[in-house]
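Given next are the chains, with one letter for each unit.
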Amino acid sequence: MQEGEVCKYMGFIVRGATRLFADDKKGHEHILKFGVEEWWVGDYESFHLLTPSKYYVEALEAVDMILITVEQLQVFIRTIPAIKAMVEALDRGAAVANAKRMHGAISFNAEQRYEDLAKTYPHFLQRFPQNMIASYLGISPETLSRIRHTAARKEKPAHPKQTAS
C-alpha cells in the first residue's frame, strides 16, 4: 500500500513480516507497526472510512496473507458470530496495544522504550534490522547502538577478583 491510496484490504499474515510506516517532510521514515504471523496489517482508518492513507505498508520478508475487503468483513461479522467475536477481541487487543505504545512514547525515555520492546516483543530484536527498530522506537540508530551496548554490559557478569595465594 502506498501513501495516498485508500486501504481496500486488510491482510492477515499467514507467513512473513511487514511494516506500516510514514515519511516525514524531511524524508525520514517512522515505523508505526510491525506485522508478523497471525497479525493483521493495514491502515484501519483508511480501511473503515475509505479515506486516503497517510501510510505505506511494505513486506519485509516473503509474505503469504489472506486479504479481506471491508464489505466482506461486514458480511462475515453479520452472519458468523465467531467472526464477530474474533474481530471484537482483536479490536480490543489492538486498542490496548496502541494505548500502551502511546503511553510509552510520552512517558518512557529511550532506554525504557527499548527495554519494554525487548520484554514485550523480544523476537523483533532478532527479526528486524536495527535501523528499523530505532525508527519504531523513535530514536536514532546511534542511540539504539549505545543502548544495546550498555544493556549488553549489564548482562555480562562481572569477573570475580583473583586473589593471590
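As a reminder, the structure under discussion sits directly above these lines.
Right, let's walk through the structure included here. (Residues numbered from 1 in each chain as written. Predicted model: local features only at pLDDT ≥ 70, side-chain atom pairs only at ≥ 80, totals over all residues. Heavy atoms only, no water.)

So, about the overall build of the protein. Of the regular secondary structure elements, the protein holds seven helices and six strands. The secondary structure elements of the protein, listed N-terminal to C-terminal, are β-β-β-β-α-β-β-α-α-α-α-α-α. For 165 residues, the compact-globule estimate of 2.2 N^0.38 gives 15 Å, and the protein exceeds it by more than 25% at 20 Å. Along the first, second and third principal axes, the C-alpha atoms of the protein reach 80 × 40 × 35 Å. Looking at the protein as a whole, 28% of its 165 residues qualify as buried. The long-range fraction of contacts in the protein, counting pairs at least 24 apart against all pairs at least 6 apart in sequence, stands at 65%. Split by element, the accessible area of the protein, about 11,200 Å² in all, is 58% carbon and sulfur. Across the protein, the centroid of the 21 positively charged side chains sits 7 Å from that of the 20 negatively charged ones. (Helix = DSSP H or I, 4+ residues; strand = E, 2+ residues; numbered from the N terminus. Rg over C-alpha atoms; globule rule 2.2 N^0.38 Å. Buried < 20%, exposed > 50% of the residue type's maximum accessible area, 1.4 Å probe, protein only. Contact = heavy atoms within 4.5 Å. Areas by Shrake-Rupley, 256 points an atom, 1.4 Å probe, with all protein chains shown as cover. Lys, Arg positive; Asp, Glu negative; His and termini not counted. Charge placed at Lys NZ, Arg CZ, Asp CG, Glu CD.)

Another point: the sheet that holds strand 6 (residues 64-68). The strand order across the open sheet built from three strands is 4-1-6, with neighbouring strands paired in antiparallel fashion. The open sheet has two free edges, formed respectively by strand 4 (40-41) and strand 6, since each of these has just one partner strand. By the bridge criterion, two bridges tie strand 1 (residues 10-15) to strand 4 in an arrangement that is antiparallel. Considered in strand 4, the bridge of Phe-12 is made with Trp-40. (Pairing = 2+ DSSP bridges.)

It is worth spelling out the packing of helix 4 (residues 110-120) against helix 7 (residues 141-155) at this point. Where helix 4 contacts helix 7, the axes come no closer than 10 Å and their chain directions differ by 70°. Relative to helix 7, the element helix 4 lies roughly perpendicular. As helix 4 packs across helix 7, the resulting crossing turns out to be right-handed. Only Thr-143, Leu-144, Ile-147 and Arg-148 of helix 7 make contact with helix 4, whose side of the interface consists of Ala-110, Glu-111 and Tyr-114. Of the residues contributing to the contact of helix 4 with helix 7, the split by class is four nonpolar, one polar and two charged. (Axes fitted to C-alpha atoms, helices over the stretch in contact; angles between N-to-C directions. Parallel < 35°, antiparallel > 145°, perpendicular 65-115°, else oblique. Left-handed = near helix turned anticlockwise from the far one by under 90°. Nonpolar A, V, L, I, M, F, W, Y, C, P; charged D, E, K, R; others polar.)

Looking at the secondary structure, you find Gly-4 in the segment before strand 1. When its relative accessible area of 47% is taken as the criterion, Gly-4 is described as partly exposed. For Gly-4 and Tyr-56, which are 52 residues apart along the polypeptide, the C-alpha to C-alpha distance reads 8.8 Å.

The next thing to look at is the pairing of strand 1. Two faces make up the sheet, and in a regular strand the side chains alternate between them. Bridge count between strand 1 and strand 6: five bridges; the pairing is antiparallel. Along strand 6, the bridge assignment pairs Met-10 with Ile-68.

Before going further, it helps to spend a moment on the pattern of salt bridges. As enumerated under the stated definition, the model contains six salt bridges in all. Glu-37 is the partner of Arg-127 in a salt bridge, and the nearest nitrogen-oxygen pair spans 2.8 Å. Placement of the pair is Arg-127 in helix 5 (residues 122-127) and Glu-37 in the loop between strand 3 (29-35) and strand 4, with a sequence separation of 90 residues. As a salt-bridge pair, Glu-45 and Lys-54 come within 3.2 Å of each other at their nearest N and O atoms. We classify Lys-54 as partly exposed; its relative accessible area is 44%. One connected set of salt bridges, linked through shared partners, spans Arg-19, Glu-29 and Glu-58. (Salt bridge = Lys/Arg side-chain N within 4 Å of Asp/Glu carboxyl O.)

A word on the sheet that holds strand 2 (residues 18-23). In spatial order, the strands read 3-2-5; together these three strands make up an open sheet with antiparallel pairing. Strand pairing shows two members of the sheet lacking a second neighbour, strand 3 and strand 5 (56-59), which therefore form its edges. Averaged over all neighbouring strand pairs, the angle between strand axes comes to 30°, with direction disregarded. Pairing between strand 2 and strand 5: four bridges, direction antiparallel. Bridge assignment links Arg-19 to a residue of strand 5, and that residue is Glu-58.

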